[in-house]
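Here's the letter readout for the chains.
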Amino acid sequence: MSHRPPHDLPPQQARLGLASIFGSTFLELTGYFMLAPWLLLRLKDADLPTWLAGLFAATAWAGIFLVTPFASAVTRRLGRRPTLWLSGLLPVLAGLVFSLTDTLWLWFGMQLLAGMASGLRWVLSEAVVAECAPPNQRGRWIGIFETMVGSTFVAGPMLLAWIGPTRPEALWAALALMTLGLLWSLAIPPLPSEPDGQQAEVGLRGVWRALREHPVIMLAGFVGGFFESGLTAILPLYGLALGLGAAAAALLVSASGLGSSLLMLPAGLLADRLGRGGPGSFWGGARQTRLQLMRIFAAITLLGSGLLPWVADKPWLAWPLAFVWGGAGGCLYTLSMIDIGSRERGITLVNSTAVLVMAYTLGGVLAPALGAAALQWSPRLGFPVLLIAVAAAGLAMLLRARLNARV
């Protein structure tokens, strides 16, 4: 069963929705990614142990995990616009607390709250972009949005470095950006009432139903998170295992981020363009096109992972491989979001987006944990075997999927 969109937004309302979501999300995330490293540096300056600083950073991810399964329940209770306003308000409140007190337990509480707000923003903004985008340009707009979100990972730390990573003015600049993001959120136009507002299941039941509706799509999201987000976190360790210097190993992260930033929009454009041919075309219509493109990017992750045994003797291959992994992983997530955004609306779309976010995040968490263990065991054998196994499993599931299946 899939939920066909019953209507599309009027063009003027859709344009306003896209502009408000893009602007508010960019400002909020840029401020957040200024604030996060500033807080870690403050903790280190206070001579707190490294493990405690790491636990503080992980608290934000814990907040995302906690709130994501219940994003649809919160949305049903408050509505989509108020939920987005709430996701903009909570980081501002957390930033004010950070500026007023050095009490550690309050910092942990505010970090958890900011993470929960980020989870709500992540799910709701993706869903609203998919709903506001014109049907024949949904891939383009989702690709642009994913690229914009990726740019905030760079813009925030760059602004922090420019102002001064330990200066108090950096905190106020981050707080100002998040406040502007909250104000911009007020421009989000009224959205049509959810067609499934009362019928759709929410909370854990809604998440489970969405997982049963789209198991292969969620697997694609997991593989995307594994190779784009999770693998990026341990690329410096892989570079060191290859014998690269610290600076060269760190640049592998930049190569992965560059691949993600440059390829997500082209993937969305391809989904739009190639999907216009109809069922009788080579690509087989819009849904089949998205599935075919996912298969291609999953195959690229497998081919890249298969080259790993040769990288030990030719370390220069590590940079193009990192580019490929980041780009292909980001494209898998983008195409998954385009697919569910093309077929669902309302609370059901929020549920499916929440599960996709959870699948992507799970891949992002497991990759550094398993990858680091594999690197320690055997950089030449264990690490390639792990990556090949994940890529091969994702590709096999996508190859088995059919249009009449729950894809």
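Please read all numbers here as calculations on a predicted model, not as lab measurements.

Caption draft 1: Seen up close, the overall build of the protein chain. Secondary structure assignment for the protein chain yields 15 helices and 0 strands. Long-range contacts, defined here as pairs at least 24 residues apart, represent 83% of the contacts in the protein chain between residues at least 6 apart. Total accessible area computed for the protein chain in this model is approximately 17100 Å², and 71% of it derives from carbon and sulfur atoms.

Caption draft 2: Geometry of the side chain of serine 260. Tracing the backbone shows serine 260 in helix 10 (residues 246-274). Taking the relative accessible area as the measure of exposure, serine 260 reaches 6% and is therefore buried. Side chain to side chain, serine 260 and glutamate 228 meet in a polar contact 2.4 Å long. In contact with serine 260, not counting residues within four places along its chain, are Glu228, Gly326, Gly327 and Gly330.

Caption draft 3: Region of the structure containing the packing of aromatic side chains. Counted by the stated rule, this structure contains 10 aromatic pairs. An angle of 75° between the planes, with centres 5.3 Å apart, marks the rings of phenylalanine 98 and tryptophan 107 as edge-to-face. An identical accessibility class is assigned to phenylalanine 98 and tryptophan 107; each is buried. A connected cluster of aromatic rings, assembled from ring pairs, spans Phe56, Phe98, Trp107 and Phe108.

Caption draft 4: Region of the structure containing the layout of surface pockets. Reported here for the largest pocket is a volume of approximately 1600 Å³. What lines the largest pocket is a set of 50 residues, among which Phe33, Trp61, Phe153, Ser229 and Tyr360 lie closest to the centre. Of all the secondary-structure elements, those providing two or more residues to the lining of the largest pocket are helix 1 (11-45), helix 2 (50-67), helix 5 (104-132), helix 6 (138-163), helix 9 (215-241), helix 10, helix 13 (318-343) and helix 14 (346-377). Broken down by element, the residue count for the lining of the largest pocket peaks at 9 residues, all from helix 6. Of the residues assigned to the lining of the largest pocket, the class counts are 27 nonpolar, 19 polar and 4 charged.

Caption draft 5: Expanded view of helix 5. The end-to-end C-alpha separation of helix 5 is 41 Å, in line with the 42 Å expected for 29 residues at 1.5 Å each. Where burial is concerned, most of helix 5 is hidden: 22 out of the 29 residues are buried.

Caption draft 6: Representation of the packing of helix 11 (residues 286-306) against helix 13 within the structure. In contact at an axis separation of 9 Å, helix 11 and helix 13 are set at 160° when each is read in the N-to-C sense. Between helix 11 and helix 13, the angle is such that the two are roughly antiparallel. The element helix 11 and its partner helix 13 pack so that their crossing is left-handed. When helix 11 is examined against helix 13, the residues Arg287, Arg290, Leu293, Met294, Phe297, Ala298, Ile300, Thr301, Gly304 and Ser305 are found in contact with a partner set consisting of Leu321, Val324, Trp325, Ala328, Cys331, Leu332, Leu335, Ser336, Ile338, Asp339, Ser342 and Arg343.

Caption draft 7: Broad picture of the confidence of the model for the protein chain. On average, residues of the protein chain score 81 in pLDDT, and 89% of them are at 70 or above. Mean pLDDT values over the elements of the protein chain span from 70, in helix 8 (residues 203-213), up to 92, in helix 7 (residues 168-185). Here residues 1-7 is modelled with pLDDT under 50, and outside its nearest four sequence neighbours on either side it reaches 18 contacts, counting other chains as well. Below pLDDT 50 for its whole length, residues 403-407 participates in 18 contacts with residues either more than four positions away or in separate chains.

Caption draft 8: Seen up close, the environment of isoleucine 142. As for its placement among the helices and strands, isoleucine 142 is situated in helix 6. Classification of isoleucine 142 as buried rests on a relative accessible area of 2%. Placed 127 residues apart in sequence, isoleucine 142 and leucine 269 show a C-alpha to C-alpha distance of 9.4 Å. With sequence-adjacent residues up to four places away left out, isoleucine 142 is seen in contact with Val129, Ala130, Thr334, Met337 and Ile338.

Reading the values: rules and limits
Residues numbered from 1 in each chain as written. Predicted model: local features only at pLDDT ≥ 70, side-chain atom pairs only at ≥ 80, totals over all residues. Heavy atoms only, no water. Helix = DSSP H or I, 4+ residues; strand = E, 2+ residues; numbered from the N terminus. Contact = heavy atoms within 4.5 Å. Areas by Shrake-Rupley, 256 points an atom, 1.4 Å probe, with all protein chains shown as cover. Buried < 20%, exposed > 50% of the residue type's maximum accessible area, 1.4 Å probe, protein only. Polar contact = N/O pair within 3.5 Å; in protein donor to acceptor, adjacent residues only side chain to side chain. Phe/Tyr/Trp six-rings, centres within 6.5 Å; stacked < 30°, edge-to-face > 60°. 1 Å grid on protein atoms, 1.4 Å probe; cavity = no way out; pocket = protein on both sides within 12 Å on 5 of 7 lines; lining within 4 Å. Points joined across faces, edges and corners; volume = space filled by probe spheres on them. Nonpolar A, V, L, I, M, F, W, Y, C, P; charged D, E, K, R; others polar. Expected span 1.5 Å × (residues − 1). Axes fitted to C-alpha atoms, helices over the stretch in contact; angles between N-to-C directions. Parallel < 35°, antiparallel > 145°, perpendicular 65-115°, else oblique. Left-handed = near helix turned anticlockwise from the far one by under 90°. pLDDT = per-residue confidence, 0-100.

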